[in-house]
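Now for the letters of each chain:
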Amino acid sequence: MRFKILKKLLNQLKTPIFDVIRTHAERQVTSFHTPGHKNGQGIDLAFKDFIGDNTFKVDLTVFPEVDSLHDPVSCIKEGQELYAELVGAKKTFFLLNGSSMGNQAMFLAAFKPGDSVIISRNAHKSAMSGIILSGVWPIWIQPELDSDFDVFFDSSSEQIEDALNKFPEAKAVFITNPTYNGIMTDLEKIAKLVHNQGKILLVDEAHGAHLGFNKKLPGSAIQCGADLVVQSAHKTLAVLSQGSVLHYNSEIVDMNKVRKVVSLIQTTSPNYLILASLDVARRQMYENGEKLLDKMVDNANYFLSTQDKFKKFRFLTKADVAKNGFNLDTLKITINVTETGIEGQVLSEILAKDYNIQFDCADFFNLIAILGVGTTKKDLDCLVEALLDIEKRCDGHLESNSINFPELTTEMVFSPRDVFLSEETELVSLSDAAGYISAQTLTPYPPGIPVLIPGERITPKICEYLQTLDSRSIRVSGQEHKKLEYLKVLKV
Ligand SMILES: Cc1ncc(COP(=O)(O)O)c(C=O)c1O
């Protein structure tokens, strides 16, 4: 995807939400509105001392001066329009409950109960919430595993083409791009395949809010032609946690439906600090995005260039994923720990406790460092030093834990929504569960991909796999008892 700088007609230097709340704070208005701390007058003093006065002066509720998130007419409307223009979308909605809410909104906007969607099994759990809320039938794609690094690839364009041919009834394709590890698929090609069949492309770009602002990085989902795109601006841009955006750029999905579902699930008490942070981050990308991200890419490349210093840690590179036809978002660094003999989660704890370094995510085999616009070269030097120090203490090798990951059944007997809402469930012993319909989601870590989804037929291979995991004490999220002795199934 070639990077395109679109000519801007609006004044992208404006920050309408930030300006309004700052002016409001300066006026020292007497508050008879929520929240109850009243401009911070009633807040715990130690907390206020630590956080600072202004936070509470701009922690407001909805009134005309500061605009409404549900029916914006002034500063929020303008902030959203500026954001949409910058990224090249027809419309942008600000979200205050992360991409989790954005994924739910995309499902509710694109589907009616009974529709079906092609979706990769490594989608975030909020996509599963979207499936349950919307009543859609998932058609699962099993992602390929890179056995060298033990990370999952994204859905490839070939897999999507194949699924579109096999399941012409699918109304849409849902892609997670980039993945948590920064692996990126050929989204431009996928968009063409999907649109050629008159279907909808939904993209969870939670980890890619920085894309599209720098030529050295892959293009954004909007630039590639997706219909609806959700981004956790807070994950890589300088935005407060939860601050996210839903971009609309569709000829097929009804924009008013998107507006309605966003309003259906969004809070009526918006946090204006988060909204203002979206405003200033957008201006920052307009003014300095290219330069800032150049620096980040240089920082990431600098870190990767230290690979020669290490004997036990291996870094995932563009060349590694290119072998399988994928691209890599440079701002995610996957550090393979297999040769240290220590599990990634344990190393993550060691880094936090002994070196004051906190990772976003770690699994059995890898640490994943998420860089953002605030990452400095000094931060990366600290990490290099810490890893070199840890290496001295390690000797060993982790055996592969993928334990013949089973073919995940795509026999969805009931829709996840029907099973989620059903009270007709029972527990059966794991050894007898084959043939029953799962009434729960079970996700072992690693690899973090659900082996069972509500509504799916349980296969003997899956039972066997779960028994192996249980015997190796591997954590299975969704498990309701200490031991995985029983599975929750639909009563027959
Ligand atoms: C791929 C993906 N999508 C969606 C989300 C949810 O994003 P948020 O934390 O902004 O709700 C996450 C969170 O980590 C994610 O990894």
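Quick notes on the rules
The written sequence of each chain sets the order in which its residues are numbered from 1. Given that this is a predicted model, residues contribute local features only at a pLDDT of at least 70 and side-chain atom pairs are listed and counted only at 80 or more, while totals for whole chains, interfaces and linings are drawn from all residues. To obtain the side-chain values, all non-hydrogen atoms of the structure were used and water was disregarded. In this text, helices come from DSSP runs of H or I with a minimum length of four residues, and strands from runs of E with a minimum of two, each type numbered from the N-terminal end. By this rule the span expected of a helix is its residue count minus one, scaled by 1.5 Å. Contacts are assigned to residue pairs that have any heavy atoms within 4.5 Å of one another. Domain borders in the structure are assigned automatically or taken from a domain database. The quantity reported as buried area is the accessible area (1.4 Å probe) lost by two parts once they are put together, taken as the sum for both. Salt bridges are defined as contacts in which a side-chain nitrogen from Lys or Arg sits within 4 Å of a carboxyl oxygen from Asp or Glu. Two N or O atoms count as a polar contact when they lie within 3.5 Å, although within protein this holds only if one can serve as hydrogen donor and the other as acceptor, and sequence-adjacent residues are included solely when both atoms are side-chain atoms. Basically, the charged four are Asp, Glu, Lys and Arg, the nonpolar ten are Ala, Val, Leu, Ile, Met, Phe, Trp, Tyr, Cys and Pro, and anything else, Gly included, counts as polar. Nearness is defined per residue: one heavy atom within 4 Å of the molecule or strand is enough. Calculation of accessible area relied on Shrake-Rupley with a 1.4 Å probe; when residues are assessed, cover is drawn exclusively from the protein chains displayed. For this text, the term disulfide refers to a pair of cysteine sulfurs within 2.5 Å. Exposure classes here rest on a 1.4 Å probe applied to the protein chains alone. A residue is buried below 20% of its type maximum, exposed above 50%, and partly exposed in between. Should DSSP find at least two bridges between two strands, the strands are taken to pair. Here, axes are lines fitted to C-alpha atoms. For helices the fit covers the stretch in contact, and angles between N-to-C directions go from 0 to 180 degrees. Angles below 35 degrees are treated as roughly parallel, those above 145 as roughly antiparallel, those between 65 and 115 as roughly perpendicular, and all remaining angles as oblique.

1. Topic: helix 1 (residues 16-27)
- Given a rise of 1.5 Å per residue, 12 residues ought to cover 16 Å, and the 17 Å separating the end C-alpha atoms of helix 1 matches this to within 8%.
- On its buried face, helix 1 sits against helix 3 (53-57), helix 4 (75-87), strand 1 (91-95) and helix 12 (272-304).
- Q28, located one to two residues past helix 1, shows a positive phi value of around 50 degrees.

2. Description of the domain arrangement of the protein
- Along its sequence, the protein is organised into domain 1 (16-286), domain 2 (290-393) and domain 3 (416-490).
- Once you take the C-alpha centre of each, domain 1 and domain 3 turn out to be 31 Å apart.
- Every contact between the two is made by 13 residues of domain 1 and, on the other side, 11 residues of domain 3.
- Between domain 1 and domain 3 the total buried area reaches about 960 Å² when both faces are included, carbon and sulfur atoms providing 71% of it.
- Seen at the junction of domain 1 and domain 3, the total is 1 salt bridge.
- The residue R121 makes a salt bridge to E456 at a minimum N-O spacing of 2.6 Å.
- Linking domain 1 to domain 3 there are 5 residue pairs in polar contact (both at pLDDT 80 or more).
- Among the secondary structure elements, those contributing two or more residues to the side of domain 1 that touches domain 3 are helix 6 (125-134) and strand 3 (137-141).
- When residues of the side of domain 1 that touches domain 3 are assigned to their parent elements, the largest contribution, 5 residues, is made by helix 6.
- A per-class count over the side of domain 1 that touches domain 3 returns 9 nonpolar, 3 polar and 1 charged.

3. Description of the site of the ligand
- Taken together, 14 residues surround the ligand, and among them S100, D204, H207, S232 and H234 come closest.
- In this structure, S100 approaches the ligand through a side-chain N or O atom, which is 2.6 Å from an oxygen atom.
- Interatomic distance of 3.0 Å between a side-chain N/O atom of K235 and an oxygen atom of the ligand.
- Notes on the ligand: free accessible area 390 Å², of which the protein chains cover 86%.
- Sorting the residues of the shell around the ligand by element identifies helix 5 (98-110) and helix 10 (233-236) as the ones contributing at least two each.
- For the shell around the ligand, the element with the highest residue contribution is helix 5, accounting for 4 residues.
- When the residues that make up the shell around the ligand are grouped by side-chain class, the tally is 2 nonpolar, 10 polar and 2 charged.

4. A word on the state of the cysteines
- Enumeration according to the criterion identifies 0 disulfides in this entry.
- Looking at the unpaired C382, the closest cysteine sulfur is the one in C394, lying at 19 Å.
- Residue classification places C382 among the partly exposed positions, given a relative accessible area of 40%.

5. What about the pairing of strand 6 (residues 172-176)?
- Most of strand 6 sits inside the fold, with 5 of its 5 residues counted as buried.
- Two strands pair when backbone bridges link them, and strand 2 (residues 116-120) and strand 6 are joined in this way by 3 bridges, in the parallel orientation. Its bridge partner lying in strand 6, V117 is registered against A172.
- As paired elements, strand 6 and strand 8 (residues 200-204) share 5 bridges and run parallel to each other. The residue of strand 8 that forms the bridge with T176 is D204.

6. A look at helix 15 (residues 377-393)
- In this model, helix 15 (17 residues) spans 25 Å end to end at C-alpha, consistent with the 24 Å of a helix rising 1.5 Å per residue.
- Looking only at helix 15, the buried set comprises L380, L383, V384, A386, L387, I390 and E391.
- The secondary structure elements touched by the buried residues of helix 15 are helix 12, strand 13 (332-336), helix 14 (344-355) and strand 15 (366-370).

7. Some thoughts on the packing of helix 7 (residues 157-166) against helix 8 (residues 187-196)
- In contact at an axis separation of 9 Å, helix 7 and helix 8 are set at 10 degrees when each is read in the N-to-C sense. It follows that helix 7 is roughly parallel to helix 8 by the angle criterion. Residues S157, E158, I160, E161 and L164 of helix 7 form the contact with helix 8, whose own contacting residues are K189, I190, L193 and V194.
- The residue makeup of the contact of helix 7 with helix 8, split by class, is 5 nonpolar, 1 polar and 3 charged.

8. Some thoughts on the environment of D379
- Secondary-structure assignment places D379 in helix 15.
- Owing to a relative accessible area of 39%, D379 belongs among the partly exposed residues under this scheme.
- Measuring from C-alpha to C-alpha, the distance between D379 and N299 comes to 9.5 Å, with 80 residues separating the pair along the chain.
- Here the side chain of D379 touches T376 through a polar contact of 3.0 Å, landing on its backbone nitrogen.

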